[in-house]
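# Residue-level structural notes
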Amino acid sequence: MFESPVIDPGKCDGCGLCVTVCHLDGLALVAGTVAIIATTECDWCADCEVVCPTGAITCPFEIVVLEC
Ligand code: SF4
Ligand code: SF4
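Just so you know, these numbers come straight off a predicted model, no measurement behind them.

A few words now on the overall build of the protein. Tallying secondary structure elements over the protein gives two helices and four strands in all. In sequence order, the protein lays out its α and β elements as β-α-β-β-α-β. Counting only residues that meet the buried cut, the protein has 26% of its 68 residues in that class. Within the protein, residue pairs in contact and separated by at least 24 positions form 47% of the contacts whose partners lie at least 6 positions apart. Of the roughly 4500 Å² of accessible surface on the protein, a fraction of 59% belongs to carbon and sulfur atoms.

So this is what it looks like as structure tokens:
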């Protein structure tokens with residue numbers, strides 16, 4: 001199953017940073033306020049989550065490796 005970043009429209013201020021940073025052009029702004037996934041080619045790099053200033057976009061599929 002394809003998984004994509006999750007966007008909370010209530011937190012998105014339409015700054016467009018995530019659209020700019022996505023190297024696969026996987027995001028787009030609709031009506032200037034909400035970023036959506038426009039492709040199924042997301043490689044889960046999580047750059048959009050990192051750049052978002054409001055925490056509106058998250059990548060729940062991101063794998064975090066903890067060193068023990
Ligand atoms: S995780 Fe990476 S490839 Fe996927 S939408 Fe975000 S910036 Fe684009
Ligand atoms: S970076 Fe965050 S606030 Fe800016 S358009 Fe993307 S989801 Fe919205």
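The discussion continues.
Moving on to the confidence of the model for the protein. Mean pLDDT over the protein stands at 82; residues scoring 70 or higher make up 78%. Strand 3 (residues 34–37) is the least confidently modelled element of the protein, averaging 65 in pLDDT, while helix 2 (residues 47–51) averages 94, the highest of any element.

Taken together, the residues surrounding ligand 2 are Cys12, Asp13, Gly14, Cys15, Gly16, Leu17, Cys18, Leu29, Cys52, Pro53, Thr54 and Ala56. With respect to the pocket detection grid, ligand 2 is positioned in the second largest cavity. Partitioning the shell around ligand 2 into residue classes produces eight nonpolar, three polar and one charged.

With that settled, consider the environment of Ala46. Mapped onto the elements of the fold, Ala46 is located in the loop between strand 3 and helix 2. Of the residues examined, Ala46 reaches a relative accessible area of 5% and is grouped as buried. Through-space distance from the C-alpha of Ala46 to that of Cys59 is 6.1 Å; in sequence the pair is 13 residues apart.

The next point concerns the site of ligand 1. Around ligand 1, the structure places Pro5, Cys22, Leu27, Cys42, Asp43, Trp44, Cys45, Ala46 and Cys48. Each residue belonging to the shell around ligand 1 can be placed in one class, and the counts come to eight nonpolar, no polar and one charged.

Conventions we followed
Residues numbered from 1 in each chain as written. Chains lettered and ligands numbered in written order. Predicted model: local features only at pLDDT ≥ 70, side-chain atom pairs only at ≥ 80, totals over all residues. Heavy atoms only, no water. Helix = DSSP H or I, 4+ residues; strand = E, 2+ residues; numbered from the N terminus. Buried < 20%, exposed > 50% of the residue type's maximum accessible area, 1.4 Å probe, protein only. Contact = heavy atoms within 4.5 Å. Areas by Shrake-Rupley, 256 points an atom, 1.4 Å probe, with all protein chains shown as cover. pLDDT = per-residue confidence, 0-100. Near = heavy atom within 4 Å. 1 Å grid on protein atoms, 1.4 Å probe; cavity = no way out; pocket = protein on both sides within 12 Å on 5 of 7 lines; lining within 4 Å. Sits in = over half its atoms within 2 Å of the grid points. Nonpolar A, V, L, I, M, F, W, Y, C, P; charged D, E, K, R; others polar.

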